[in-house]
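# Structural features, examined
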Amino acid sequence: MSSPLERSLNGLYKFRRIVALTAYGFISAVSYVLAYFLRFELSFPPEAVDYLSGSIAALVLTRLVVDNLFALSTSRWRFAGTHDVLRLGMAAVFGSAVFYLMANVFQWVGPVPHSVILIECVLTILFTAGLWIAYRTAFEQLRHLRAHNGSARRVLLIGAGEAGSLLAREMVRQPTGFRPVGFVDDDRSKWGTMLHGVTVLGGTDSVAAIAKATRADEIIIAMPSAEPADLWRVVDQCEATKLRFKVLPGISDVLRGDVRLTQLRDLSIEDLLGREPINLQLPELTHDLNERSVLITGAAGSIGSELARQVALHNPALLLLFDQSETGLFYLDNELREKHPELHVIAIIGDITDPIAVERAFRTYRPARVYHAAAYKHVGMMQVNIREALRNNALGTWRLGDAAGRYGVDKFVLVSTDKAVRPTSIMGATKRLAEVIILDLQRRYSRTAFAAVRFGNVLGSSGSVIPIFKEQIEAGKPLTVTHPDATRYFMTIPEAVQLILHSSLLPEVNGRIAMLEMGDPVRIVDLARNLLRLSGAHRNGNQIMFTGLRGGEKLHEELVAPDETTTPTSVSKVRLIAPSDFVIGTLGEVLLEWESLFAANLDQDVVAALLGLFPDLHIQSWDPGAEHTRTPLDFVAESNLSSAAAQSRM
């Protein structure tokens, strides 16, 4: 049931223009009379009585006409802001100027003292603005009480800057279900001040005490530009309160003034990587992709799908999504068609090791850009699936790159990994082969710009450490970490995609390997501990269990090998890797020969060749019933591979 006041406001709203003009006319008349009293020390001069009625009528009529010209009669009082007040000021000054001409120049209704006209103008502005504020305040309070009915959650806001101010304003003005009860900020000059009626109560070292004093139900961290170290300090304080806390991300949204409660989310591990997020601006990408055909392999994967989303924003003539995963392609295809109905999207279900499928895709659609993200990436699985790792990661790259060169593709970018540096695993070795293949193809097809992009682990990708940790937390299991000292380079999916796209724009990357400066490596055990803290699972007794390094895994990953050198590019965070000297040989022929050896069940010959190329490689027997690990010498002794292929060094 609505209150009598609400029913009255709703009734007036139906006739808002008439009500507004009536209110403005009344304010003008009252302001005019008060101006005389103020001018003549609370008395009314007898000589003014004779023309008072005529001058009031002229003034009110002038005000109403001018207010209509400046659209004040159609203004929504509950949304009135600084722009409306400026418009009100201009209308009042203009109306006073017209009235001055009528009273003192043409003397139709005058004369009227100049000071009276000036005072009336000021009073009209003040009373009208006051009316707007009173209406807006009453409307918001009524709606707030009706929406919450005393059930609003009491929220403590950390950060009294622009983001916190915008968030508090939305809470106060909208029926959000939240009620701000205080601000916390480390800037002492803000203590005791108020934002939208909410007081800044102290610094972050007093969060627990302030939360208790204000009886807060929840905490919101409104510090979108805070560095990870500062966030961790605030998180520590929030944890001490035992209250739920959320974070408001996105400094870009704050700069646009676009801060909403719908943007609130739980603090994520990506917020706390220990380095500043990398944001590469890509203004040239639209020109590079506009009206061109783009092929993305591995499009259903984490990197491939994000590549597709980013490319779709830049008006390609045709977007080709190539992957073996029917289900993944189905959902990505639907998503892109819904968001970009004008975009021409074709989903191709195919295997990059299938020469017919690859040839058909290039011959039919003639892509101008190729982003090659298709790969088998799980180290442990590839250790016992050597043939598939080689066929997909190495041979598949060769087939795609060779087709790209023959069909005159302008740019071909391979997505690589830090595991390709001095590889100890099959997955790393095959990705290193893929890098070498790209460099070889550049020599063979000079018309196509081939490049490889090397980066570390991607947070949140399918099968990566963070999703695994989250599954273990939800199941109440210990978090499994290989080694207490194991470190990895980490980046987010958007950062990885930015690097890939930006590398394709750099002319100096042709025939080279690009890498991102990713800061310092992060200990995996620290990630596990931080994730336990963020989820609150550490309070539930969740532990960390060390399992030991598995076959092919390194204790520390590298982005650059000792015999590789890096040079800067025009982008500060991107460097180019100059590869070490090696003999390429006829690599494509070698790969095809290896495939023949696999077909002839001569797997040990291929393995021996790999060990000849990568002496640090650790290969465990792929026989599930085997109880031992074969050494490099075991495979070399069994090998019948031709010496020419075995001695091709990379």
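Bear in mind the structure is a predicted one, so any value in this text is a computation, not a measurement. Each chain has its residues counted from 1, following the order in which its sequence is written. Reporting in this predicted model follows two pLDDT cut-offs: at least 70 for local features of residues, and 80 or more for side-chain atom pairs to be given and counted; totals over whole chains, interfaces and linings ignore these cut-offs and use all residues. Remark: hydrogens and water are excluded; side-chain values derive from all non-hydrogen atoms of the structure.

## Some points on the packing of aromatic side chains
Between the rings of Phe, Tyr and Trp (Trp by its six-membered ring), a pair exists once the centres lie within 6.5 Å; its type follows the angle of the planes, with under 30 degrees stacked, over 60 edge-to-face, and the other angles tilted. Within the structure shown, the criterion is met by eight aromatic pairs. Seen from their ring centres, Tyr 32 and Tyr 36 are 5.3 Å apart, and the 85 degrees between their planes marks the pair as edge-to-face. Taken together, the residues Tyr 32 and Tyr 36, both in helix H2 (residues 16–39) and four residues apart, mark about one turn of the helix. The two residues Tyr 32 and Tyr 36 agree in class, both being buried. With centroids separated by 5.0 Å and ring planes inclined at 25 degrees, the aromatic side chains of Phe 106 and Trp 108 adopt a geometry described as stacked. Whether a residue is buried, partly exposed or exposed follows from its accessible area with a 1.4 Å probe, protein chains only, as a fraction of its type maximum: under 20%, in between, or over 50%, in that order. Here Trp 108 falls in the exposed class, since its relative accessible area comes to 62%. Look at NZ for Lys and CZ for Arg. If either is within 6 Å of the ring centre and within 35 degrees of the ring normal, a charge sits over the ring. For Arg 39, the ring lying beneath its charged end belongs to Phe 40, and the centroid distance is 4.7 Å. Counting from the N terminus, the helices are the DSSP runs of H or I reaching at least four residues and the strands are the DSSP runs of E reaching at least two.

## Thoughts on the pattern of salt bridges
For side chains bearing opposite charge, pairing can occur when the charged atoms are close. By salt bridge we mean one thing: a side-chain nitrogen of Lys or Arg within 4 Å of a carboxyl oxygen of Asp or Glu. Applying the stated criterion across every chain yields a total of 30 salt bridges. In this structure, Arg 233 and Asp 186 form a salt bridge, with 3.4 Å as the shortest nitrogen-oxygen distance. Note that Arg 233 is positioned in helix H8 (residues 228–241) and Asp 186 in the loop between strand E2 (178–184) and strand E3 (194–195), a separation of 47 residues in sequence. Linking Lys 339 and Glu 335 is a salt bridge whose minimum nitrogen-to-oxygen distance equals 3.4 Å. With Lys 339 and Glu 335 both in helix H12 (residues 326–339) and four residues apart, this pair spans about one turn of that helix. Accessibility expressed as a relative area gives 57% for Lys 339, which makes it exposed.

## Describing the pairing of strand E9 (residues 345–349)
Sheet faces and side chains relate simply in a regular strand, where the side chains alternate between the two faces. Looking at chain direction, strand E8 (residues 318–323) and E9 are connected through five bridges and run parallel. Directly across from Leu 321, in E9, lies its bridge partner Ala 347. Taken together, E8, H12 and E9 constitute a β-α-β crossover, and its handedness is right-handed. A pair of strands is considered paired only if DSSP assigns at least 2 bridges between the two. We call a crossover right-handed when, viewed with the strands running away from us, the connection from the first strand over the helix to the second turns clockwise.

## With respect to the sheet that holds strand E12 (residues 449–454)
Read across the sheet, nine strands follow the order E9-E8-E7-E10-E11-E12-E17-E21-E20 without closing on themselves; strand pairing throughout is mixed. Strands with a single pairing partner mark the edges of an open sheet, and in this sheet they are E9 and strand E20 (565–568). Averaged over neighbouring strand pairs, the angle between their axes works out to 25 degrees when direction is ignored. Inspection of the sheet shows strand E7 (residues 293–297) paired to strand E10 (residues 369–372) by four bridges, in the parallel sense. By the bridge assignment, Leu 295 is partnered in E10 with Val 370. It only takes one pair of heavy atoms within 4.5 Å for two residues to be counted as in contact. Axis lines are fitted through C-alpha atoms, for helices just across the contact stretch, and the angle between N-to-C directions can take any value from 0 to 180 degrees. Here helix H15 (residues 386–406) sits on the sheet in contact with E7, E10, strand E11 (411–415) and E12, set at roughly 170 degrees to E11.

## A look at the side chain of Thr 124
Looking at where Thr 124 falls in the secondary structure, it is placed in helix H5 (residues 114–148). Beyond its immediate chain neighbours, meaning those up to four positions away, Thr 124 contacts Ile 27, Ser 28, Ser 31 and Arg 63.

## Brief notes about the sheet that holds E3
In any sheet, the strands associate via hydrogen bonds between backbone groups, in a parallel or an antiparallel arrangement. The six strands lie next to each other as E3-E4-E2-E1-E5-E6, forming an open sheet whose pairing is mixed. Only two strands of the sheet have a single partner each, and these edge strands are E3 and strand E6 (244–247). Here E3 runs beside strand E4 (residues 198–202); their pairing, made up of two bridges, is antiparallel. When the bridges of E4 are listed, Leu 195 appears paired with Val 198.

## Regarding the environment of Val 155
Positionally, Val 155 belongs in strand E1 (residues 153–158). Along the backbone, Val 155 and Arg 179 are 24 residues apart, and their C-alpha atoms lie at a distance of 5.8 Å.

## Examining the nonpolar core
Residues Leu 319, Phe 362, Tyr 371, Phe 455 and Trp 594 are the most contacted members of the largest nonpolar core, which totals 102 residues. No other element matches the ten residues that helix H16 (residues 426–444) contributes to this core. Those residues within four positions of Phe 362 in sequence are excluded, and the remaining contacts are Leu 295, Pro 367, Val 370, Leu 400, Ala 403, Ala 404, Tyr 407 and Val 409. For this analysis, a nonpolar core means a set of buried residues of the types Ala, Val, Leu, Ile, Met, Phe, Trp, Tyr and Cys, connected via side-chain atoms within 4.5 Å.

## Quick look at H2
If you check H2, its first and last C-alpha atoms are 34 Å apart, about what 24 residues at 1.5 Å a residue would give, namely 34 Å. Downstream of H2 by one or two residues, Glu 41 has phi in the positive range, about 55 degrees. Under the convention used throughout, the expected extent of a helix is 1.5 Å for every residue step, that is, one less than its residue count.

## Some words on helix H13 (residues 355–365)
Taken together, the buried positions of H13 are occupied by Ala 357, Val 358, Ala 361 and Phe 362. Projected down its long axis, H13 carries its buried residues within an arc of 125 degrees, all on one side. On its buried side, H13 packs onto E7, E8, E9, E10 and H15. Sitting at the amino-terminal end of H13 is Asp 354, which places a side-chain oxygen 3.1 Å from the backbone nitrogen of Ile 356. Once H13 ends, the next one or two residues include Arg 366, with phi positive near 45 degrees. Summarising the geometry, the arc corresponds to the directions from the helix axis toward the C-beta atoms. N or O atoms closer than or at 3.5 Å make up a polar contact, with two conditions inside protein: a donor-capable atom paired with an acceptor-capable one, and, for residues adjacent in sequence, both atoms drawn from side chains.

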